[in-house]
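Listed below are the residues making up each chain.
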Amino acid sequence: MAKAPVKYYVVDAFTDSAFKGNPAAVCLLEEERDEKWLQAVAAEFNISETCYLTRITDSASPYPRFRLRWFTPVAEVNLCGHATLASANTLFSTGLVNSNIIEFDTLSGILTAKKVSDSNPTDVSKIQNGGHDCFLIELNFPAVPITEFNSTEVSAISKALNGAQLIDVKRTTTADDLFVVLPSAKSVIELEPQFDAILNCPGRGIIVSGVSPPDSEFDFSSRFFCPKYGINEDPVCGSAHCALVKYWSQKLGKCDFVAHAASPRGGIVKVHLDEQNDRVFLRGKAVTVMEGCLLV
């Protein structure tokens, strides 16, 4: 029996403008598919993340719950912020859920997405939401601890970042990413990484960040490079902010931030650190740019 077509949406996350932010393909599954198919579809889309949603019908939760998996073009990952935001935006904006809160069953546990009223909607969000009910989405994610990086490979990391001056080098404990601090947000924006050299660095990928100047609308800027997972530069890495907020909260003495993803596509992430519960709230907008069906 032939498989039913799979509806998909391509959504730009952490932006209010089409073709900015971080694109994710959101595929709505009526039944489970094998991992070979899931990975093949992600390779076919060949964007930073393709994710799969399957409704869970036997949940005891009062909120709609979906199984959610994330795939880069070459591998499944344990946590992804922008594709979760894209998934929530798809469910909210298409009317597939009748709730302001959605729960996702993931490899990182149960994650929630909450619809939050947007007091400053853009023209795009007005059009996509029929001129009303414009919203942001708030994700509740686990904080990602960072630890010391004791290695003789700091010079190799600097070389991979085109000789950049490294103010601090640490490591995340969950995804095993290098966590590099540069002298300023300007240094982050102007950075020209050497992706072949990053492949030879330890860890999964490299998060770089730098503090913004006092007159900036942002608190810090960041970028994330992950060529080992088929993504030279992730345009806006939501999960990286779960580590970034821990570091910058200590350095800047506060828990609320407006963060700038300084990739060429650019993006904005509003971040709150809940120190007591060790959780991170990521808030952002999303724009649907494409929809269609997978026929295989």
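If you're wondering where the values come from, they're calculated on a predicted model, not measured in any experiment.

### Some words on the overall build of the protein
On a plain count of helices and strands, the protein comes out with seven helices and 18 strands. Its C-alpha atoms give the protein a radius of gyration of 19 Å, within 12% of the compact-globule value 19 Å for 296 residues. The C-alpha extent of the protein, read off along each of the three principal axes, is 55 × 45 × 35 Å. Sorting the 296 residues of the protein into buried and exposed places 55% on the buried side. Considering only intrachain contacts with a sequence separation of at least 6, the fraction spanning at least 24 residues in the protein is 63%.

### Notes on the domain arrangement of the protein
Interfaces are often sized by the accessible area lost when the parts come together. Domain boundaries assigned for the protein yield domain 1 (6-143 + 284-294) and domain 2 (146-277). Placing a centre on the C-alpha atoms of domain 1 and another on those of domain 2 gives a separation of 24 Å. On the surface where domain 1 and domain 2 come into contact, there are one salt bridge. Ionic pairing is found between Arg265 and Asp12, a salt bridge with its closest N-O pair at 3.2 Å. Our count for the contact surface shared by domain 1 and domain 2 stands at eight residue pairs in polar contact (both at pLDDT 80 or more).

### What to know about the environment of Gly109
Tracing the backbone shows Gly109 in strand β7 (residues 109-117). We classify Gly109 as partly exposed; its relative accessible area is 29%.

### Brief notes about the packing of aromatic side chains
Scanning all chains against the criterion turns up nine aromatic pairs. When the ring of Tyr247 is compared with that of Trp248, the centres are 5.1 Å apart and the planes differ by 85°; the resulting orientation is edge-to-face. Just as Tyr247 is buried, Trp248 falls in that class too. Ring-pair connections join several aromatic residues into one group, and the members of that group are Phe179, Phe220, Tyr247, Trp248 and Phe257.

### So, the nonpolar core
Counting 57 residues, the largest nonpolar core has Leu53, Trp70, Phe104, Ile137, Val271, Val280 and Leu282 as the members making the most contacts within it. When residues of this core are assigned to domains, at least three fall in each of domain 1 (6-143 + 284-294) and domain 2 (146-277). With near-sequence residues (within four places) excluded, Phe104 lies in contact with Leu53, Phe66, Leu68, Thr84, Ser87, Ala88, Leu91, Gly109, Ile110, Leu111 and Ala113. Leu161, Leu182, Leu191 and Phe225 belong to the second-largest nonpolar core, a separate cluster that totals 17 residues.

### Focus on the pairing of strand β17 (residues 279-284)
With six bridges joining them, strand β8 (residues 135-142) and β17 adopt antiparallel strand pairing. Pairing of Asn140 across the sheet is with Phe281, part of β17. Sheet topology places strand β16 (residues 267-274) next to β17; five bridges connect them, and they run antiparallel. If you follow Val271 over to β17, its bridge partner there is Leu282. Adjacent in sequence and paired antiparallel, β16 and β17 are bridged by four residues, among which Asp278 carries a positive phi angle near 55°.

### Topic: the UniProt feature "active site" (unreviewed entry) in the protein
Within this numbering scheme, the UniProt entry marks Glu49 as carrying the feature "active site" (unreviewed entry). Structurally, the position occupied by Glu49 is in strand β3 (residues 49-55). Apart from the residues lying within four places of it in its own chain, the contact partners of Glu49 are Pro23, Ala24, Ala25, Trp70, Phe71, Thr72, Val77, Cys80, His82 and Ala83.

### What to know about helix α7 (residues 241-252)
Of all the positions in α7, only His241, Cys242, Ala243, Leu244, Val245, Tyr247, Trp248 and Ser249 are classed as buried. Positive phi shows up at Gly253, right after α7, with a value of about 70°.

### Re the pattern of salt bridges
Throughout the structure, instances matching the rule amount to 16 salt bridges. Between Lys170 and Asp168 there is a salt bridge, with its nearest N and O atoms 4.0 Å apart. Summarising the burial analysis for this pair, Lys170 and Asp168 share the class buried. Of the charged contacts in the structure, one is a salt bridge between Asp278 and Lys246, with a shortest N-O distance of 2.9 Å. Here Asp278 is found in the loop between β16 and β17, whereas its partner Lys246 is found in helix α7, with 32 residues between them in sequence. Among the ionic contacts, a cluster of salt bridges with common partners joins Glu35, Arg69 and Glu76.

### Brief notes about unusual backbone geometry
Phi angles above zero are rare outside glycine, and Asn46 is one such case at about 55°. The residue Asn46 is located in the loop between α1 (35-45) and β3 in this model. By relative accessible area, Asn46 is classed as exposed at 54%. Backbone geometry at Asn162 places phi at a positive 60°, although glycine is not the residue there. Tracing the backbone shows Asn162 in the loop between α4 (154-160) and β10 (168-172). Given a relative accessible area of 45%, Asn162 falls into the partly exposed group.

About the thresholds
Residues numbered from 1 in each chain as written. Predicted model: local features only at pLDDT ≥ 70, side-chain atom pairs only at ≥ 80, totals over all residues. Heavy atoms only, no water. Helix = DSSP H or I, 4+ residues; strand = E, 2+ residues; numbered from the N terminus. Rg over C-alpha atoms; globule rule 2.2 N^0.38 Å. Buried < 20%, exposed > 50% of the residue type's maximum accessible area, 1.4 Å probe, protein only. Contact = heavy atoms within 4.5 Å. Domains from an automatic or database assignment. Salt bridge = Lys/Arg side-chain N within 4 Å of Asp/Glu carboxyl O. Polar contact = N/O pair within 3.5 Å; in protein donor to acceptor, adjacent residues only side chain to side chain. Phe/Tyr/Trp six-rings, centres within 6.5 Å; stacked < 30°, edge-to-face > 60°. Core = buried A, V, L, I, M, F, W, Y, C linked by side-chain atoms within 4.5 Å. Pairing = 2+ DSSP bridges. UniProt positions renumbered as here; feature names shortened; annotations may be inferred.

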